[in-house]
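# Structural overview
Here are the chains, one letter per residue:
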Amino acid sequence: MNTQIASPSQDTGHPTTVAGKKDAAYFQYFPGNYRWSSGMINMMGVAPYGGSDISELHRIGLMLKGKDGTDDQAWFEACVAMGDRIREQAEGFDAKGYRHSAAHSYLRACNYYQFGERFLTPKTARSDQAYKTAMKCFKRHLELGDIKGEVVEVPYDNGQSMPAYFIHAQNPRSERPPCMVFFGGLDITKEIQFTRGVPDLIKRGISCLVIDGPGTGEAIRFREQFLRHDYEVPGSACIDYLQTRADVDPERIGIVAMSLGGYYAPRAAAFDHRWACCIAWGAQWDYHAVWKKRIDAALKASMSVPGHHILWIFGVDNYDDALKKLEPFKLDGVVQKMTCPFLITHGSEDEQVTMADAHKLLASCGSKDKTLRVYTPEEGGAQHCQRDYLPLVVADMWNWAGDRLFA
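Given the structure is predicted, the values throughout are model-derived calculations rather than measurements.

### Brief notes about the overall build of the protein chain
On a plain count of helices and strands, the protein chain comes out with 15 helices and nine strands. Since a compact globule built from 407 residues should have a radius of gyration of about 22 Å, the 20 Å found for the protein chain is in line with a globular shape. Expressed as lengths along the three principal axes of its C-alpha atoms, the size of the protein chain is roughly 60 × 50 × 45 Å. Counting across all 407 residues of the protein chain, residues that qualify as buried make up 60%. Long-range contacts, defined here as pairs at least 24 residues apart, represent 73% of the contacts in the protein chain between residues at least 6 apart. Side chains of the protein chain carry 46 positive and 50 negative charges; the gap between the two charge centres is 1 Å.

Structure, rendered in structure tokens:
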């Protein structure tokens, strides 16, 4: 069944001022600076899942007051300073045996380190150390908190493995609960993904494998696993791994991926029909065309990371080579092969990927059970991957996934 869930208003335009200029339809901490504002709202958005605190974020903002919005070293220094501060707070609680307080602080510190580091390429010894400290904080969070999680390695192509966390279901309905595999996108990490609703997912009796696939997180930073177009390879490797676990139902494994993951997940599901369901958290259609427009515009476009990030994750040194690598990143001719239930979530004000791409993806998908959920400014979640209103999209996605995985 081809279903589209309509949001309260179909008007996708920005509100207009008296002078005829368009106001932003959503909150901008750094008005006129898309990337820094998106970074700040990304950090703000994870507060419901323990990833940040508004006072700490405002302190970061004050440290950046008056700074050039392209000074990513200043961004790094401000975020790392807050990461250091909250990590020291966590270590103080930890030393006194206050494990719950320590766990919460370690998680916030992890996010500040990683959101600071993600704008810097090429990476430096100092940024690598900040990232490694973030991972240590996250692992300590798992050790001390009430969520049961394991650090795991997923066997992968040519004897490699992908770093991941297996987060156990709470309130399981059986000895072998369903599981969702959660990939990121162009610039998201498994630790950041965790704070995008995983604590809510597992409460529903669904486990989660949160993973750094090729081109993301730990996989690119410390293993040089560059971005690849055939994401069915890492995707199928996750199913192979999960089907060896006695605590996962091998027939009830779904996949969700965000941003560029809106390409990864549908591609994986199109080539491997073992997936029980698929969620594209943000639509993609022709990622080569997206970057061609950005490069033609001299990278003066709405992007969540600097343009040179694409060079780094492909391991190339010029944009012509990057575009060549991007040529197969297209879903036409691929998603027609998908058969599992499919959900697309997309913001009506997404400045990175057009609404037209979301409609193309929906229309072309071969699944009978397929849904496009559009979010508008009136209800919230209109930005890229609903970073401006995570609780709503998280509820919608996990409700939808639970209905399919427990059917």
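### Things to note about the pattern of salt bridges
Taken as a whole and judged by the stated rule, the model has 30 salt bridges. A salt bridge links Glu117 to Lys123; the nearest nitrogen and oxygen atoms lie 3.0 Å apart. Of the residues examined, Glu117 reaches a relative accessible area of 1% and is grouped as buried. One salt bridge in this structure joins Arg404 and Asp369, with 3.1 Å as the shortest N-O distance. Here the residue Arg404 occupies a position in helix 15 (residues 390–405), and Asp369 occupies one in the loop between helix 14 (355–364) and strand 9 (370–375), the gap between them amounting to 35 residues. Residue Arg404 is classed as partly exposed on the basis of its relative accessible area of 24%. Owing to a relative accessible area of 26%, Asp369 belongs among the partly exposed residues under this scheme. When salt bridges that share partners are traced, they join Glu153, Lys190, Glu191, Asp212, Glu218 and Arg223 into one network.

### Structural notes on the packing of aromatic side chains
Enumeration according to the criterion identifies 15 aromatic pairs in this entry. The interplanar angle of 80° and the centroid separation of 5.4 Å between the aromatic rings of Phe183 and Tyr231 together place this pair among those described as edge-to-face. Placement of Phe183 in strand 4 (residues 179–183) and of Tyr231 in the loop between helix 8 (217–223) and helix 9 (232–242) is noted, with a sequence separation of 48 residues between them. Of the residues examined, Tyr231 reaches a relative accessible area of 1% and is grouped as buried. Taking the centre distance of 5.9 Å and the plane angle of 85° together, the rings of Phe314 and Phe329 count as edge-to-face. Here Phe329 lies in the loop between helix 13 (319–326) and strand 8 (342–347) and Phe314 lies in helix 12 (residues 309–314), a separation of 15 residues in the sequence. For the pair Phe314 and Phe329, one class covers both residues: buried. Each member of the aromatic cluster is reached from another via a ring pair, and the members are Phe27, Tyr29, Phe30, Trp36, Trp75 and Phe119. A cation over a ring is seen here: Arg245 above Phe166, with NZ or CZ 3.7 Å from the ring centre. The ring of Tyr375 carries the charged tip of Arg373 above its face, separated from the ring centre by 4.1 Å.

### A closer look at the environment of Gly149
Position of Gly149 among the secondary structure elements: in strand 2 (residues 149–155). Accessibility expressed as a relative area gives 27% for Gly149, which makes it partly exposed. Expressed as a C-alpha distance, the spacing of Gly149 and Glu218, which sit 69 residues apart in the sequence, is 18 Å. Ignoring anything within four residues of it in the chain, the contact list for Gly149 reads Leu142, Phe166 and Ile167.

Quick notes on the rules
- Residues numbered from 1 in each chain as written.
- Predicted model: local features only at pLDDT ≥ 70, side-chain atom pairs only at ≥ 80, totals over all residues.
- Heavy atoms only, no water.
- Helix = DSSP H or I, 4+ residues; strand = E, 2+ residues; numbered from the N terminus.
- Rg over C-alpha atoms; globule rule 2.2 N^0.38 Å.
- Buried < 20%, exposed > 50% of the residue type's maximum accessible area, 1.4 Å probe, protein only.
- Contact = heavy atoms within 4.5 Å.
- Lys, Arg positive; Asp, Glu negative; His and termini not counted.
- Charge placed at Lys NZ, Arg CZ, Asp CG, Glu CD.
- Salt bridge = Lys/Arg side-chain N within 4 Å of Asp/Glu carboxyl O.
- Phe/Tyr/Trp six-rings, centres within 6.5 Å; stacked < 30°, edge-to-face > 60°.
- Lys NZ or Arg CZ within 6 Å of the ring centre and 35° of its normal.

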